[in-house]
Amino acid sequence: MKYAYYPGCSMECNAAAYEVSTQAVARVLGFELAEIDDWNCCGATEYFSQDELTACAVVARNLALVDSRTDQLVAPCAACYLNLAKTDKLMTDDPEMGRKINQALAAGSLHYEGGRVKVRHLLDVIYHDFGEEKIREKVVRPLDGLRVAPYYGCQVVRPIKGDDSTEYPMQMDEMFTWLGAEVVDYPVKAHCCGGHMTQISEPQAFELIRRLLQSAVDYEADMILCMCPMCQLNLDAYQSRVNGFFNTNFSMPIIYFTQMLGIAFGLDPKELGFGKELVAAEPVLKAKLTAKTTT
Amino acid sequence: MSDDTFEPKIVGFMCNWCSYRAADLAGSARIKYPPNVRIIRLMCSGRIDPAFVLKALSLGADGVMLAGCHPGECHYVDQNYKAMRRYYMLKHTLKSLGIEPERVQLVWASAAEGQHLAEAIEKLVADVKKLGPLRWPSNWKDNEDRLEALESIVKEHEEALEVES
Amino acid sequence: MAERIGIYVCHCGSNIAGTVDVEEVARWAGKNIDDVIVAKDYKFMCSSLGQAMIEEDIKKEGLTRVVVAACSPHLHEKTFRRACENAGLNPYLFQMTNLREHVSWVCNDKVKGTAKAKAMVAASAERVKYQQPLTPMYVDVNPATLVVGGGIAGLQAALELADAGYKVYLVEREPSVGGHMAQFDKTFPTLDCSACILTPKMSEAGQHENITLLTYSELEEVSGSVGNFKVKIRKKARYVDYDKCTGCGICSEKCPRKIVDEGFEAGLGTRKAIYTPFPQAVPRVPVIDTENCTYFTRGKCQVCSKVCPTEAIDYEQKDEMVEIEVGNIILATGWKLFDCKKIPQYGYGRLANVFTNMEFERLCNAAGPTNGKIVMRDGKTEPKSIAIIHCVGSRDVNFNEGCSAVCCMAALKLGHLILEKTKAEVYSFYIDMRTNQKMYEEFYQRLLHEGMHFVRGKVAEVTDAARNPNEQGKLIVQCEDTLLGKQRRIPVDMVVLMGAIEPQADAKELGLKCGISCSMAGWYTERHPKLDPVATMTDGVFVAGTCQGAKDIPASVAQGAAAAARVQGMITKGKVMIEPIVATINEEACSGCRICNNLCPYNAIEYLEDKGVSRVITALCKGCGTCVAACPAGVISASHFNNQQVFAEIEGALWDAIAECREPETV
């Protein structure tokens, strides 16, 4: 199976672990992610509040560049996913907007018809296109005894409504029960991580991060699983600052869900980008996942 | 073909229970819509014989509206589904006859949806205005293509019947 | 011989005459439509003078057909049909043109309006020529009535009819009548005890000489039509002999198998494997729950049989089919509670101390599992604060768009009971407070004085993720207070979700059996939402109570009584008229292809094997005409809507188009 792939900027540096683990998992499950040629930045969250038309045109360029032989586009980053999906929806629902954007695209001899490409998040692809049976089949190292807290954040589940609950999503929860993990049903899994708030007001941002960490701790999670580079960055990189600010002592590894999928599939942690996270996952993995492997 | 003064003549077949009452409600609520649709009341949209539609078009109607209760709300349990099936077959036939299928539109309107029905009428009238007059009867003699298409459809039907027997 | 047609165009004051030149329409019709003898306009055609004018013309001018161009036939068709009949003309030789609702009220342009009016009058005039005299059919009404559903609405309907001296079969799916009302503690706004006012009605129904109670039974099949329905009912096996059992209850007492009662006690209490749902059950005959009974699951035990003093236990009992004949059917099948787990952010099923309103009713009820003590899920701790969340699954586009009508008042009632029984603080989280019946607003004011706290806003979530020490160990209700314009987080011990009132899961299926339909939301569709709220589109089938839409007890009782009154009307009349609009098959021309057979939802078309043709059973035909449109040979005819009539109507409606097309094209 082959999908068009929009990695987004983060995947090359701060989310390199997400990128390598995504590719590794894709190899195991047998699908190919064909990167869009010459893609550009999605504009993240800010650009849309500045000038919607320009922001859409910037995003639509990526949609227009999707190989005409495929109509499935995968984005692993929540913000990229939302911007791509939102632009596609705007162009489908509002023909006038679509016309204006295409005027802009015409300058680069490009054209995009709203609805041509189905924009999907990586979790949705793995959950739906492979599903329980195929994923269980590939598990060689069940995550027995590992307590994971799936963290969805906002932008994948809202405002574009997929088939998962927008308020209390379950698909990552389900997926990790297939892998044998103990899934922590903690109440803040779809609350906001603060996004770029750290750049605007640290106290506000830290409080949002603290709530997530605290709830995971209260529910005795071993690690939080992320599906977005921004969420991972906030929870991981700011954890020590949060500890300093609130006088707490969180030590919660923040890991991409694809990394743990890779572990369950029996891949080498090094291959999956482990070690790049700031709060090390190694002690937890060692303690919980001793050398038990099944074939 | 179309001009600003063209006022299409449209026949509307409405079921007694939902869509006819929706039209009544549009009246009671004084909702204005173009006066192009002449309404004929039937007991159910299931009564709409495709021949009614062809008859209307062949007499000079520029468009036809079929209206019934919403799927699942039919007064006669589920006869509107049968109307719907016929509608899609009819559209296919019209296309082969060279008649733009947009001239015949199916609408679901409950007795509480006067506004919805009025909007549907507005849309149909606008669509037909865009297409221009049909003038099927007067064009008929000159239109070899349509005749040919009609003959081929008749033949197809005959063949289909033969296979069955 | 040519028909003699009279055309009457009504001004309706200025309602029609305002946008249609009625005089011109009448003049035009008189001149241009063939066979028109009289064409008149009049100020108010429906007035006695207008009717008298028509009657007189029929007699004097020898009119054989009449067209009245006025308002909707749904308003005055009957009026003018009667006028025709008075003058000796068969009422089905009359046709009505709807100029008011369909022309003048929806059109601003008098020229265009007049043109449309002419076309519509022409349509009626062409059609009426082909109309045929028809005679309505009359059938006797069986005075027995079937009531489906033994809740308060069904009980009321059954008792009204039985007291009037008519036979009633009351079918209830559960082992006892009583319905949801039997589960409640108090009723708003008077706070009288639900059981105290309900149980007398239950026992009266159980003992009434005119009521046959069929509990633990379900409706299987309905055939026939108004006046003469044949109904098959499945009496599920109770495994207890109804006649031998005295209802002493020793079997339940001695039964060793105890299970959580998900039904009557809403999962908060227990019952035995052989049980009556509650002490005041009617009838008192218990049933065996075979899924949990030790004997049925493991083949050993039979304690109930050993202790029964009258040898009433019968493990071999089978489901029994009962066939009854009735003239009318009242559906009073009630509602079910919204599954609150569908809104996971409110925590039901995940957070122990989140309750549904039905659970809480049982918790408050003195006869309930805690003897009326309001305690948390641990069974002992009294809560210090309780939040009641309104509109859970109702007024919500994701689940039920409609308002459940009773929850505001039920929430106030629960609030009152909490304040009365505990020292807890009570918070109500509401979107709008709907207290619009007699004494309801007063009850709301009373609660405001009693100190219940009200927060206006839709709750975002109920969570145990504490943000500060105050919230530790509590359930936090987060909500935007739309009156303060602020986010609020209120920590409480217990949360009550006012779940939406939803249609029964099988309402649609049962509706189909009886030939009635449901609204988009799943409620039974009444004949008219305002003027005919308990009748349905199927003659002889009535609805009452919450199966028609969410409503409170007084409204359910009123509808039960109203349905009974309608049925009594039918019974006293003795005969019902059936509109002679039916399909008939010309058997001589029928090829027996049987295409029509499966199209009929009423099974009104039978196939005669010996003759190789199909035939319409007139008594079952409802006249929709679907088979008529489907017959490949065109040998099915619909009276009053036959092809000839409809074709003529189309021709009339397009008189101007026909004229235009006849003229040689100049372009």
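Explain the state of the cysteines to me, please; I cannot follow it from the model alone.
Such a bond, covalent and formed between the sulfur atoms of two cysteines, is termed a disulfide. All chains considered together, the criterion is met by two disulfides over all chains. The residue that forms a disulfide with B:Cys18 is B:Cys69, at a sulfur-sulfur distance of 2.5 Å. Disulfide B:Cys18 to B:Cys69: torsion about the S-S bond roughly 95 degrees, handedness right-handed. One end of the pair, B:Cys18, is in the loop between β1 (10-15) and α1 (19-28); the other, B:Cys69, is in the loop between β3 (63-68) and α3 (79-96), and 51 residues separate them in sequence. For the pair B:Cys18 and B:Cys69, one class covers both residues: buried. Free of any disulfide, A:Cys193 has its nearest cysteine sulfur in A:Cys231, 4.0 Å distant. C:Cys301 provides the cysteine sulfur closest to C:Cys255, a residue in no disulfide bond, and the two sulfurs are 6.3 Å apart.

Is there a simple way to explain the packing of aromatic side chains in this structure?
Two aromatic rings are characterised by how far apart their centres lie and by the angle between their planes. Using the criterion set out here, one finds 24 aromatic pairs over all chains in the structure. Between A:Phe206 and A:Tyr238 the ring centres are 6.0 Å apart and the planes differ by 45 degrees, which places this aromatic pair in the tilted class. Of this pair, A:Phe206 sits in helix α8 (residues 202-218) while A:Tyr238 sits in the loop between α9 (229-237) and α10 (239-246), and the two are 32 residues apart along the sequence. Residue A:Tyr238 is classed as buried on the basis of its relative accessible area, which comes to 16%. Ring geometry for C:Phe188 versus C:Tyr440: centroids 5.5 Å apart, planes at 80 degrees, classification edge-to-face. Of this pair, C:Phe188 sits in the loop between β8 (186-187) and β9 (192-193) while C:Tyr440 sits in helix α12 (residues 440-450), placing them 252 residues apart in sequence. With respect to burial, C:Phe188 and C:Tyr440 carry one shared label: buried. Among the aromatic residues, ring-to-ring pairing joins A:Phe206, A:Tyr238, A:Phe245 and A:Phe246 into one connected group. If you follow A:Lys86 out to its NZ or CZ, it ends over the ring of A:Phe48, 4.2 Å from the centre. Directly above the aromatic system of B:Tyr20 lies the positively charged group of B:Arg41, at a separation of 5.5 Å from the ring centroid.

What should I look at first to understand the interface of chain B and chain C in this one?
Interface size, as often reported, equals the accessible area lost upon joining of the parts. Each side of the interface is counted separately: chain B has 51 residues, and chain C has 54 residues. Of the roughly 4800 Å² buried at the junction of chain B and chain C (both faces included), carbon and sulfur atoms supply 61%. Linking chain B with chain C are five salt bridges, by the criterion used here. For B:Arg41, the salt bridge is made with C:Glu77, and the minimal N-O distance between the two is 3.0 Å. Counting across the interface, chain B meets chain C through 20 residue pairs in polar contact (both at pLDDT 80 or more). Those elements that provide at least two residues to the side of chain B that touches chain C are β1, α1, β2 (37-42), α2 (50-59), α3 and α5 (136-140) of chain B. The greatest single-element share of the side of chain B that touches chain C, amounting to seven residues, is contributed by α1(B). Looking at the side of chain B that touches chain C residue by residue, the class counts come to 25 nonpolar, 10 polar and 16 charged.

The rules behind these values
Residues numbered from 1 in each chain as written. Chains lettered and ligands numbered in written order. Predicted model: local features only at pLDDT ≥ 70, side-chain atom pairs only at ≥ 80, totals over all residues. Heavy atoms only, no water. Disulfide = S-S within 2.5 Å. Helix = DSSP H or I, 4+ residues; strand = E, 2+ residues; numbered from the N terminus. Buried < 20%, exposed > 50% of the residue type's maximum accessible area, 1.4 Å probe, protein only. Phe/Tyr/Trp six-rings, centres within 6.5 Å; stacked < 30°, edge-to-face > 60°. Lys NZ or Arg CZ within 6 Å of the ring centre and 35° of its normal. Contact = heavy atoms within 4.5 Å. Buried area = accessible area lost by both parts, 1.4 Å probe. Salt bridge = Lys/Arg side-chain N within 4 Å of Asp/Glu carboxyl O. Polar contact = N/O pair within 3.5 Å; in protein donor to acceptor, adjacent residues only side chain to side chain. Nonpolar A, V, L, I, M, F, W, Y, C, P; charged D, E, K, R; others polar.

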